[in-house]
Amino acid sequence: VVLAKSQDLPKPLRVREFILSGLPLNFVTILICSVLVHFMGQAVFESDMPLPASMCSLDLDSCYYLNIPGSVAGQQVFSQACILQDQNSTEPQCLLWNGTYVDPCSYVPCNG
């Protein structure tokens, strides 16, 4: 609409003017929004905190919440989430936040 209406001006706007003003504005907006989303996620949703037990239950096939004390995201916890790595192996392995592998059958009953 602006481009079409600019034809009435003494010097009509060109597409180049839209690009030269729009691209830097878009890049600055992308940078500001990325930083803002990161910090707002921490402030509003506590995205930097450990995964709550309600998000990881025994009903899920790939996530266990085990009673293993430790440090998760800089916070001391008494239990933590564990992601099952290979569901087809005979000895299941779970990956904790700090990169440690544990046997989930030592903490919860396993099928089979």
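The model shown is predicted, which means the values in this text are computed figures rather than measured ones.

A. Here's a closer look at the nonpolar core. In this structure, Tyr64, Leu66, Ile68, Cys82, Leu84, Cys94, Leu96, Val102 and Val108 together form the largest nonpolar core, which totals nine residues. Among the elements of the structure, strand S1 (63-66) and strand S4 (80-84) are those that each provide at least two residues to this core. In contact with Cys82, not counting residues within four places along its chain, are Ser62, Cys63, Tyr64, Leu66, Cys94, Leu95, Leu96 and Val102.

B. Up close: the pattern of salt bridges. All told, the structure shown has one salt bridge when counted by the stated rule. With its nearest N and O atoms 3.0 Å apart, the salt bridge here joins Glu17 to Arg14. Residue classification places Glu17 among the partly exposed residues on the basis of a relative accessible area of 27%.

C. Broad picture of the side chain of Gln80. On the secondary structure map, Gln80 appears in strand S4. In this structure the side chain of Gln80 is engaged in a polar contact, spanning 3.0 Å, whose partner is the backbone oxygen of Ile68. With residues near it in sequence (within four places) discarded, Gln80 still touches Tyr64, Tyr65, Leu66, Ile68, Pro69, Gly70, Val72, Leu96 and Trp97.

D. Highlighting the side chain of Ser79. Assignment of secondary structure puts Ser79 in the loop between strand S3 (75-77) and S4. Those residues in contact with Ser79 that sit more than four places away from it in its chain are Tyr65, Leu66, Asn67 and Ile68.

E. Region of the structure containing the state of the cysteines. One pass over the structure, following the stated rule, counts one disulfide. Linked covalently through their sulfurs, Cys82 and Cys94 form a disulfide whose S-S length is 2.4 Å. Placement of Cys82 in strand S4 and of Cys94 in strand S5 (residues 94-95) is noted, with a sequence separation of twelve residues between them.

F. Looking closely at unusual backbone geometry. Even without a glycine there, the phi angle at Glu46 is positive, about 50°. The residue Glu46 is located in the loop between helix H2 (15-45) and S1 in this model.

Analysis parameters
- Residues numbered from 1 in each chain as written.
- Predicted model: local features only at pLDDT ≥ 70, side-chain atom pairs only at ≥ 80, totals over all residues.
- Heavy atoms only, no water.
- Core = buried A, V, L, I, M, F, W, Y, C linked by side-chain atoms within 4.5 Å.
- Buried < 20%, exposed > 50% of the residue type's maximum accessible area, 1.4 Å probe, protein only.
- Helix = DSSP H or I, 4+ residues; strand = E, 2+ residues; numbered from the N terminus.
- Contact = heavy atoms within 4.5 Å.
- Salt bridge = Lys/Arg side-chain N within 4 Å of Asp/Glu carboxyl O.
- Polar contact = N/O pair within 3.5 Å; in protein donor to acceptor, adjacent residues only side chain to side chain.
- Disulfide = S-S within 2.5 Å.

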